[in-house]
Amino acid sequence: MSTPLLTARDLVKAHGPTPALRGASLELAAGEVLAVTGASGSGKSTLLHCLAGIVKPDSGTVEYAGERLDLLPEKRLSELRRTDFGVVFQFGQLIPELTAADNVALPLLLAGTSRAAARERAGEWLERFGVRGQEALRPGELSGGQAQRVALARALVTDPKAVFADEPTGALDSLAGEQVMTALIHTARESGTAVLLITHDAQVAAYADREVSLRDGTVADPGALPAGSATSAAAEVSR
Amino acid sequence: MRTDLRLALLLTRGSDRREGWRVTLTAVGAALATALCLATVAVASLQGQYHSALAAGLLEQPGERAGVVLTLLLLLVPVLGFLGQCARIGAVHRDRRLAGLRLAGASPAQVRRIAALEAGLACLIGSAVATIVCTPVLLRQWQNPPVTVWADCAGVALAVPVVGALVSTLALRRVVASPLGLVRRVRPSGGRPGPGLAVLTTALVMLLTGLAIAPRSFGGFQTAPVPVFTVVILTGLGAVWAVGASARPTGRLLAGRTGNPATLIAAERLRDDPWAGARTHAAVLLVTVVGTGFVGVRQVLLDDLTGRDADSFPTNLSFYTTGIDLTGAAILLALAITLSGLAVGTAESLATRRRGLAAQAAAGVPQAVLGRALLLETALPLAPAVALAGAGGLGIGVWYGQLAGGGTVPVLPVVVPVAVYAACLLAAATSLPLLRRSVRPAELRHQ
């Protein structure tokens, strides 16, 4: 069994009076693609936010590479998001004022990389995701599928250890969704990046090595960490 | 810092027309604030008897100059309110952008610096323009200005952008706190009055205690500006607090009882964001206190002047009336500035909510109902606040009448809050054409 990269234990989180997580526990192995499924309002997105250090749980622990994310100061969490984590949402995470290339280069710019070097690296990633030639366009000028591939390039440009994707194909048609998922899984496999995939779409979940279901704020069946072999659609992509 | 500056410039270069408006209006507001501060510094630095052709001799004696300084400082209030409204243009859009930066790994300090640089640069442009224009004017009017005044002027030119940047940073504290920005907004539980009430109560108690313990030094003619300024600020803050504090109970009460769709929409909006009115009307309420108080003081002064024997005046009557008229003109200017700010704020609020409004229109809510709801959103919380602001101003007039010893009770000031209330409704109505555009179904496509 693999060593967990990220471990969450008994996470509890409420938004005002509404409970979102009620003791959710989960492990994500290095290089694993894990799908978290569940009905609307089951707490999937909140779980992702807690695991990525975007929000702090009310109680429970999140451990990453020996560090307790729930105890880390905001500055260190920001650094982790810049270097070790990538985040992709359904839409809206790209900055409308920046071009596609600058959006991808943003984490590198924030880390102090020179603009020329950051843009060159962004260009390479845009090429990998098949959106080369769109560098100068702003998010509003891109199609939904293109914008999502730019968002993926931005999430992966720093060679993160884990990518958190919240319904990455939720706003796309089936063809664009398939292209985005193939690109994500293929790149993650190549670079050994773990992917935590939030989805309610069985076809998207099929790309994962493992699937867990969230019900009423708890993980219904956490399952065991994979021994290392990819399965189903993910295996096809890796081939 | 270089990285932050580079990102701030990249973001500014890629921003849309609305962002351009924000930068322009912020620069205009900063220029006005700088000009007023420079004039205050210049007048305050004059020593003893001074001859000037400006303002009908109002700058000649130290006593009158203190009044001019006070007026200039009071004029700063609506200008700062206007600056606050300008900062709100495109606020939701900007909040999302900065939250996006946090999501990409920017630390809270980095986001604060980028936001401060964006606002500070706009204020710096305005401040620089005002300084360049005002300096030759001051030089032409001034005989042998002391060296320290130039240092003060330089301080003002630098302080305005710094203050603008600090205010912007403060306004963005919620975005800085979370990479999700305002996406998941939790409605406050309500019920608690918040720290504003405690601060106001303490300040009022301190003022009343001061008046009770030392009525001569606290309530005399010589120190009149101190209690007047305190009452203006406290009543203004109280009125602003009243808008927010009364909005939620008013909304709850109306939402439970009304059968009118427009009232229901307005009531639910008041419950959802009770402090929206307070943010939009803060400067107007402060001007209402100042305006009502001024009209009261003016009536007392004019009654006193016209009631006296002409031989008892050492100078021409116009010396006094010019000062009063200039102050009145300044307050009218302040009202115009705040009403412009109010129109900007209402239009901005509509632009921010255009998707929700379009959804309501698409669901069959008539445009007339939405228009009435919009006006009610302004009218309902503003009524008690304007009444309170007017009462505060009236109090100043009555108190001044007692100080003057003439026993005059000014009644004219009562007109001011009524006129301001009507003007506010008119300013809100100017955004109705924008409402017509906002409720187009095409707006549903915007994020």
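Everything here concerns the structure above.
As the structure is a computational prediction, the values presented were derived from the model and not from experiment.

(A) A look at the overall build of chain B. Check the secondary structure of chain B and you find 17 helices and 0 strands. The buried share of chain B, reckoned over its 447 residues, is 47%. Approximately 21600 Å² of chain B is accessible, and the part contributed by carbon and sulfur atoms is 67%.

(B) Quick look at the pattern of salt bridges. Residues and elements named next belong to chain A. Per the counting criterion, the structure on display carries 19 salt bridges over all chains. Here E79 ties to R76 by a salt bridge, and the two come within 3.3 Å at their closest N and O atoms. Of the two residues, E79 and R76 both sit in helix 2 (residues 74-83), 3 residues apart, roughly one turn of that helix. Members of the salt-bridge network, linked through shared partners, are E67, R76 and E79.

(C) Quick look at a nonpolar patch on the surface. Residues and elements named next belong to chain B. Nonpolar side chains collect at one region of the surface, where L5, L9, L121 and L124 lie side by side and expose about 310 Å² of accessible area between them. Looking at the nonpolar patch, the elements with two or more residues in it are helix 1 (2-13) and helix 5 (108-141). By the secondary structure assignment, L5 is in helix 1.

(D) Focus on the interface of chain A and chain B. In this assembly, 30 residues from chain A lie in contact with 25 residues from chain B. Counting the surface lost from both chain A and chain B, the interface buries some 2400 Å², and carbon and sulfur atoms represent 65% of this. In terms of surface lost to chain B, no three residues of chain A exceed R81(A), E97(A) and L110(A), which account for 25% of the buried area on that side. Taking the shortest distance from any N to any O, the salt bridge between E74(A) and R102(B) comes out at 2.6 Å. Between chain A and chain B we count 7 residue pairs in polar contact (both at pLDDT 80 or more) in total. Only helix 1 (44-51), helix 2 and helix 3 (100-110) of chain A provide two or more residues apiece to the side of chain A that touches chain B. For the side of chain A that touches chain B, the residue count by class is 12 nonpolar, 9 polar and 9 charged.

(E) Representation of the packing of aromatic side chains in the model. Residues and elements named next belong to chain A. For the coordinates displayed, the defined rule picks out 3 aromatic pairs over all chains. Their ring planes at 25° and their centres at 6.2 Å tell us that W125 and F129 sit as a pair that is stacked. The pair formed by W125 and F129 is uniform in burial state, with each residue classed as buried. The structure contains a cluster of three or more aromatic residues connected by ring pairs, namely Y64, F85 and F164.

(F) Local environment of the side chain of T378(B). Residues and elements named next belong to chain B. Residue position: T378 is located in helix 15 (residues 367-404). You can call T378 buried: its relative accessible area is 8%. The residues contacting T378, other than those within four sequence positions of it, are H281, C424, L425 and A428.

(G) Up close: the sheet that holds strand 1 (residues 4-15) of chain A. All names here are of chain A. Within the open sheet, the 4 strands sit side by side as 2-1-4-5. Their pairing is antiparallel. Single-partner strands in this sheet number two, and they are strand 2 (18-29) and strand 5 (67-68). With 9 bridges joining them, strand 1 and strand 2 adopt antiparallel strand pairing. Bridging from a neighbouring strand, A14 pairs with P19 of strand 2.

(H) Structural detail: the nonpolar core. With 60 residues, the main nonpolar core has L285(B) and C424(B) as its most contacted residues. If near-sequence neighbours (up to four positions away) are discounted, C424(B) is found in contact with V284(B), L339(B), L342(B), T378(B) and L382(B).

(I) Quick peek at the packing of helix 1 of chain B against helix 5 of chain B. Residues and elements named next belong to chain B. The interhelical angle for the contact between helix 1 and helix 5, taken along N-to-C directions, is 55°, at an axis separation of 9 Å. Looking at the two axes, helix 1 sits oblique to helix 5. The hand of the helix 1/helix 5 crossing is right-handed. In this structure, helix 1 uses D4, L5, L7, A8, L11 and T12 to contact helix 5, whose residues at the interface are Q110, R113, I114, L117 and E118.

(J) Focus on the packing of helix 15 of chain B against helix 16 (residues 415-429) of chain B. Residues and elements named next belong to chain B. Viewed as axis vectors pointing N to C, helix 15 and helix 16 meet at an angle of 160°, and their least axial separation amounts to 10 Å. Regarding the angle of helix 15 to helix 16, the classification is roughly antiparallel. Handedness of the helix 15/helix 16 crossing: right-handed. Listed contacts from helix 16 to L374, L375, T378, A379, L382, A383, V386 and G390 of helix 15 are P417, Y421, C424, L425, A428 and A429.

Parameters and conventions
Residues numbered from 1 in each chain as written. Chains lettered and ligands numbered in written order. Predicted model: local features only at pLDDT ≥ 70, side-chain atom pairs only at ≥ 80, totals over all residues. Heavy atoms only, no water. Helix = DSSP H or I, 4+ residues; strand = E, 2+ residues; numbered from the N terminus. Buried < 20%, exposed > 50% of the residue type's maximum accessible area, 1.4 Å probe, protein only. Areas by Shrake-Rupley, 256 points an atom, 1.4 Å probe, with all protein chains shown as cover. Salt bridge = Lys/Arg side-chain N within 4 Å of Asp/Glu carboxyl O. Patch = residues over 30% accessible without salt bridge, like charges linked within 9 Å, V, L, I, M, F, W, Y side chains within 5 Å. Contact = heavy atoms within 4.5 Å. Buried area = accessible area lost by both parts, 1.4 Å probe. Polar contact = N/O pair within 3.5 Å; in protein donor to acceptor, adjacent residues only side chain to side chain. Nonpolar A, V, L, I, M, F, W, Y, C, P; charged D, E, K, R; others polar. Phe/Tyr/Trp six-rings, centres within 6.5 Å; stacked < 30°, edge-to-face > 60°. Pairing = 2+ DSSP bridges. Core = buried A, V, L, I, M, F, W, Y, C linked by side-chain atoms within 4.5 Å. Axes fitted to C-alpha atoms, helices over the stretch in contact; angles between N-to-C directions. Parallel < 35°, antiparallel > 145°, perpendicular 65-115°, else oblique. Left-handed = near helix turned anticlockwise from the far one by under 90°.

Function-wise, these values are silent; they only describe arrangement.
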